[in-house]
Amino acid sequence: AQTVTQSQPEMSVQEAETVTLSCTYDTSENNYYLFWYKQPPSRQMILVIRQEAYKQQNATENRFSVNFQKAAKSFSLKISDSQLGDTAMYFCAFMKNFGNEKLTFGTGTRLTIIP
Amino acid sequence: NAGVTQTPKFRVLKTGQSMTLLCAQDMNHEYMYWYRQDPGMGLRLIHYSVGEGTTAKGEVPDGYNVSRLKKQNFLLGLESAAPSQTSVYFCASSTYGGGGGTEAFFGQGTRLTVV
């Protein structure tokens, strides 16, 4: 079974600064996918970024980028030039290849952007 | 485009009562899921379906039943509600990605309180 650990329950950062959210996972699989989902106060789950384990290049989506360290089983999310709209709960998630697209989530990090 | 729609959005039940949560998706997705979200525990998979007429247990299936009679609908039933089932319930759907990695689309959640 896979486990996903997010060790930072809460974080806060000043607007326009950069913040990094940590995620580690445990799996015996070699092929898998990792995701970061954002949950703003509206409760809607929104995909932020996705990483395929067999790709060495770190995924990037505008201000969001990841640092994927496969050997260390680490998958951190960096948010650059943070904005007030980035205030949300962030969940790291794991998906096994050929695993019926099921997601295993971490416990989340509540991020607050301070004006 | 409605995406994934959950009904109802809020509900209060008395212990022992039964209810059904309805999830409908209009994206012709093969896979559908029910997750529950509890504080400090992230999202946990209750049941899922890989196609019309199929269901399977997830991580926390006890006390719940599901049915997928139509491809677009996935029902979650509580036969005898217990206070431990107080939670926010999320439905999600995704398409078959040929092995994995496809984005899951989530409904807006149902906040259920059992008193």
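Here the structure is shown first, and the text comes after it.
We now turn to the structure provided with this report. (Residues numbered from 1 in each chain as written. Chains lettered and ligands numbered in written order. Predicted model: local features only at pLDDT ≥ 70, side-chain atom pairs only at ≥ 80, totals over all residues. Heavy atoms only, no water.)

### Overview of the state of the cysteines
Residues and elements named next belong to chain B.
Next up, step 1: Scanning the model with the defined rule gives two disulfides over all chains in all.
Next up, step 2: One disulfide bridge connects C23 with C91, the sulfur atoms lying 1.9 Å from each other. Between C23 and C91, the S-S dihedral sits near -75°, and the bridge is therefore left-handed. Here C23 is found in strand β3 (residues 19-25), whereas its partner C91 is found in strand β9 (residues 87-94), with 68 residues between them in sequence. Taken individually, C23 and C91 each receive the classification buried, so the pair is uniform in this respect. (Disulfide = S-S within 2.5 Å. Helix = DSSP H or I, 4+ residues; strand = E, 2+ residues; numbered from the N terminus. Buried < 20%, exposed > 50% of the residue type's maximum accessible area, 1.4 Å probe, protein only.)

### Considerations on the interface of chain A and chain B
Next up, step 1: Each partner contributes residues to the interface: chain A has 22 residues there, and chain B has 32 residues.
Next up, step 2: For the pair chain A and chain B, the summed buried surface comes to about 2,100 Å²; carbon and sulfur atoms form 51% of the total.
Next up, step 3: Connecting chain A to chain B are zero salt bridges.
Next up, step 4: At the surface where chain A touches chain B, the tally comes to nine residue pairs in polar contact (both at pLDDT 80 or more).
Next up, step 5: Of all the elements in the fold, those that place two or more residues in the side of chain A that touches chain B are β5 (32-39), β6 (46-52) and β10 (88-96) of chain A.
Next up, step 6: When residues in the side of chain A that touches chain B are grouped by element, the largest group, four residues, is from β5(A).
Next up, step 7: Considering only residue class, the side of chain A that touches chain B consists of ten nonpolar, seven polar and five charged. (Contact = heavy atoms within 4.5 Å. Buried area = accessible area lost by both parts, 1.4 Å probe. Salt bridge = Lys/Arg side-chain N within 4 Å of Asp/Glu carboxyl O. Polar contact = N/O pair within 3.5 Å; in protein donor to acceptor, adjacent residues only side chain to side chain. Nonpolar A, V, L, I, M, F, W, Y, C, P; charged D, E, K, R; others polar.)

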